Amino acid sequence: MERTIKLIFVSLMVSVMGFVSCSKDSGVEVKLNSQGGDIGITNARIWTGNSKDPYKSSMTVRDGVIVAMDAENPTGRVIDAGGRLIVPGFWDGHTHPQTPYVLTSPGAPTLFQAENIQQVQDILREYIEAHPEDIYPRLFGWMDGVFEGDDQPTRDLLDEIVSDKPCYLVHSSGHKHWTNTKALELAEILESDPPDLAAGTIVRDEQGLATGYLIETELASTHGILLRSVKKQQPLTFEYQVQLQQKILEEYAQWGVTGVWTKDGDLDITRIYQQILLEDNLPVRVILDHLYTPYSEDDDIVKFAKRANEIAGNHVYDGFLRADGIKIILDLPYHLWMHEPYDNNGVPDTGHPLEDMDEVRRQIFEADINGLMVNVLTMGDRAVTEALNVLEEVAVLNPPRTRRHTVEHAEWIRESDLSRFSELGVVVVMNYMASY
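Scope of this entry: the structure provided in the associated data block. Since this is a predicted model, take the numbers as computed values, not measurements.

## Brief notes about the overall build of the chain
Argument step 1. Per the secondary structure count, the chain includes 12 helices and 24 strands.
Argument step 2. Within the chain, buried positions represent 54% of all 436 residues.
Argument step 3. Within the chain, contacts between residues separated by at least 24 positions form 71% of all contacts whose residues are at least 6 apart in sequence.
Argument step 4. With the model as given, the accessible surface of the chain reaches about 20,400 Å², and the carbon-plus-sulfur share is 51%.

Set out below in structure tokens:
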């Protein structure tokens, strides 16, 4: 008979928070984030990672730190693990936990299974009919294959289903949007582009009206032309967002993820995480990146640093929530910045940065001097080179301090740049994004 082993995930380096959040059936009621007191875990099979001494039977955690293994009498609140296996928790180093309720309507179906336009419309129609209370329907996951040949999304196709309230559908990549007319009107982009469109494209017809197809106008789930229109409608209260965010984070914990590094956020998002923490309900450790984009306010970097210091100074919850990161976008998938020309939809191109490099340099220098950890999003190899150039300048021209800046995605890297990461003390975070 097969043996089934139930795993309990623990962040062995710093906390048993993963254990607490994954063991609701233990009958022990433990608040997640309060500092103080000991937690003792007994009757367990704790994997140490040491091949010479692979397992321990008990451990004691004090103020979120493992202080003893195999203690004869674990102190504090004692949890009987029932012989289950405890292993280190996983960390998700690149995630967007806000997306499920910001870019999409909470509880809305996805569109991944749709194979043609008719199926997309059917899914949308069924959702609209079942949820008349949704004042701004937003669905996620349509793919390019639902269109034939060179056909593109149009607002007319969505107006057939819903024309009396704004609605948009997010591409599976998150980088393209398909909207109805009401959404374009609410965003005030039906007839003309907004002044801060940055590098995004609002596709227009021969009369200059938006067709309903938008590319790179939304930056993560924090800033964007359509996201501003969602906020105008205010379909989500602060209290509701706190509830939704907590439920999403609890999903991570249930699968053994005990820490996450989010890659988009703003001051409002930080407030949501702070509230969950203050309520003693943060189920995973969180590092927050604030996202700085062309849609940001000029003084946002200083505000981000102030918020980070406020959180760091609250030692009651030390180690559970950090907001000292800032994400600065250098280029994006549909105009990735390369040293050599490439075929960009049939046109030779080398791409370009999202903003002028002098502005990007200003952002990085200001973030660094304010003590923030800079996370530069790069796609093309030229973007990687330029990011490293600026980070090298920062280390020379700004006052000395401990730095742990990162270059994110880094899908294309010139061989001559490989050694520069270690030389400059810059972390390279490689994950696939550029092609969809």
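## Quick notes on the nonpolar core
Soluble globular proteins tend to pack their nonpolar side chains together in the buried interior.
Argument step 1. The biggest cluster of nonpolar side chains holds 53 residues, and the ones touching the most others in it are Tyr 101, Tyr 168, Tyr 273, Leu 282, Val 286 and Leu 321.
Argument step 2. It is helix α7 (residues 238-254) that provides the largest number of residues to this core, a total of six residues.
Argument step 3. Contact partners of Val 286, with chain neighbours within four places excluded, come to Val 260, Thr 262, Tyr 273, Phe 320, Leu 321 and Arg 322.
Argument step 4. In this structure, Ile 301, Met 357, Leu 372 and Val 384 belong to the second largest nonpolar core, which totals 29 residues.

## Quick notes on helix α11 (residues 381-397)
Argument step 1. With 17 residues, α11 extends 24 Å between its outermost C-alpha atoms, agreeing within 8% with the 24 Å of an ideal straight helix rising 1.5 Å per residue.
Argument step 2. Every buried residue of α11 is listed here: Asp 381, Ala 383, Val 384, Thr 385, Glu 386, Ala 387, Leu 388, Val 390, Leu 391 and Val 394.
Argument step 3. Considering only its buried residues, α11 is in contact with α10 (357-369), β22 (373-378), β23 (406-409) and α12 (415-424).

## Some details on the sheet that holds strand β19 (residues 321-329)
Argument step 1. Here we have seven strands laid out as an open sheet, ordered β9-β17-β18-β19-β22-β23-β24, and parallel in their pairing. Two strands lie at the open edges of the sheet, namely β9 (90-95) and β24 (427-430), each paired on one side alone. Each adjacent strand pair in this sheet contributes to an overall mean axis angle of 25°, direction not counted.
Argument step 2. The sheet contact formed by β22 and β23 spans four bridges and is parallel. Pairing of Val 376 across the sheet is with Val 407, part of β23.
Argument step 3. Sheet contacts for α11: β22 and β23; angle to β22, the most-contacted strand, approximately 160°.

## Some points on the sheet that holds strand β2 (residues 38-42)
Argument step 1. Judged by pairing direction, the sheet is mixed, and its four strands sit side by side in the order β6-β5-β2-β7 without closing on themselves. Strands at the two margins of the open sheet, each flanked by one partner only, are β6 (65-69) and β7 (77-80). If you compare each strand with its neighbour and ignore which way they point, the axes differ by 25° on average.
Argument step 2. Note that β2 and strand β5 (residues 59-62) share four bridges and pair antiparallel. Its bridge partner being in β5, Asp 38 is matched across the sheet by Arg 62.

## Considering the pairing of strand β10 (residues 138-142)
Argument step 1. The buried fraction of β10 is high, at five of five residues.
Argument step 2. Of the pairings in the sheet, the one linking β10 to strand β11 (residues 168-171) comprises four bridges and is parallel in character. Each residue of the ladder has a partner; that of Arg 138, found in β11, is Tyr 168.

## Focus on the packing of aromatic side chains
Argument step 1. Going through the model one piece at a time under the given rule, you end up with five aromatic pairs.
Argument step 2. Between the aromatic rings of Tyr 136 and Tyr 168, the centroid separation amounts to 5.6 Å while the plane-to-plane angle is 75°, which identifies the pairing as edge-to-face. Placement of Tyr 136 in the loop between α3 (117-130) and β10 and of Tyr 168 in strand β11 is noted, with a sequence separation of 32 residues between them.
Argument step 3. On the basis of relative accessible area, Tyr 136 is assigned to the buried category, the value being 0%.

## Notes on the pattern of salt bridges
Argument step 1. For the structure shown, the criterion picks out 22 salt bridges.
Argument step 2. The partner of Lys 176 in a salt bridge is Asp 144, with the nearest N and O atoms 2.8 Å apart. One end of the pair, Lys 176, is in strand β12 (residues 176-179); the other, Asp 144, is in the loop between β10 and α4 (155-159), and 32 residues separate them in sequence.
Argument step 3. Residues Lys 263 and Asp 289 are paired through a salt bridge, measuring 3.8 Å at the closest nitrogen-oxygen approach. Residue Lys 263 is found in the loop between β17 (257-262) and α8 (267-278), and its partner Asp 289 is found in strand β18 (residues 285-292); the two are separated by 26 residues along the sequence.
Argument step 4. Salt bridges linked by common partners bring Asp 53, Lys 56 and Asp 70 together as one network.

## Details of α10
Argument step 1. With 13 residues, α10 ought to run about 18 Å at 1.5 Å a step, and its terminal C-alpha atoms sit 18 Å apart, in line with that.
Argument step 2. Residues of α10 that are buried include every one of Met 357, Val 360, Gln 363, Ile 364, Phe 365, Glu 366, Ala 367 and Asp 368, and no others.
Argument step 3. Two to three positions downstream of the cap, the backbone nitrogen of Asp 358 sits 2.9 Å from a side-chain oxygen, assigning the N-cap of α10 to Asp 356.
Argument step 4. Looking at the residues trailing α10, positive phi occurs at Gly 371, about 85°.

## Here's the deal with unusual backbone geometry
Argument step 1. The phi torsion at Glu 188 lies on the positive side, around 60°, for a residue other than glycine.
Argument step 2. For Glu 188, the location among the structural elements is in the loop between α5 (181-186) and β13 (201-204).
Argument step 3. The exposure class assigned to Glu 188 is exposed, which follows from its relative accessible area of 60%.
Argument step 4. The backbone phi angle of Glu 216 is positive, close to 60°, even though this residue is not glycine.

## Considerations on the environment of Glu 160
Argument step 1. By the element assignment, Glu 160 lies in the loop between α4 and β11.
Argument step 2. Sequence separation between Glu 160 and Gln 121 is 39 residues, and the spatial gap between their C-alpha atoms is 8.5 Å.
Argument step 3. Polar contacts involving the side chain of Glu 160 include one to the side chain of Gln 121, which spans 3.1 Å.

The rules behind each value
- All residue numbers refer to positions counted from 1 along the written sequence of the respective chain.
- Totals for whole chains, interfaces and linings use every residue, but because this is a predicted model, local features are given only for residues with pLDDT of at least 70 and side-chain atom pairs only at 80 or more, for both listing and counting.
- To obtain the side-chain values, all non-hydrogen atoms of the structure were used and water was disregarded.
- Counting from the N terminus, the helices are DSSP H or I runs at least four residues long and the strands are E runs at least two residues long.
- Partly exposed residues are those whose accessible area sits between 20% and 50% of the maximum for their type, while under 20% is buried and over 50% is exposed, using a 1.4 Å probe and protein chains only.
- We call two residues in contact when some of their heavy atoms are within 4.5 Å.
- Areas reported as accessible are Shrake-Rupley estimates using a 1.4 Å probe. Residue values count occlusion only from the protein chains shown.
- Residues belong to a common nonpolar core when they are buried Ala, Val, Leu, Ile, Met, Phe, Trp, Tyr or Cys residues joined through side-chain atoms within 4.5 Å.
- By this rule, a helix spans an expected 1.5 Å times one less than how many residues it contains.
- At least two DSSP bridges between two strands are needed for those strands to be called paired.
- Here, axes are lines fitted to C-alpha atoms. For helices the fit covers the stretch in contact, and angles between N-to-C directions go from 0 to 180 degrees.
- Aromatic rings from Phe, Tyr and Trp, with only the six-membered ring used for Trp, were paired whenever their centres fell within 6.5 Å, and each pair was classed as stacked if the ring planes differed by under 30 degrees, edge-to-face if by over 60, and tilted otherwise.
- Each reported salt bridge corresponds to a side-chain nitrogen of Lys or Arg within 4 Å of a carboxyl oxygen of Asp or Glu.
- Identification of polar contacts relies on pairs of N or O atoms within 3.5 Å, with a donor-acceptor requirement for protein atoms, meaning one able to donate a hydrogen and the other able to accept it, and with residues adjacent in sequence counted only if both atoms are side-chain atoms.

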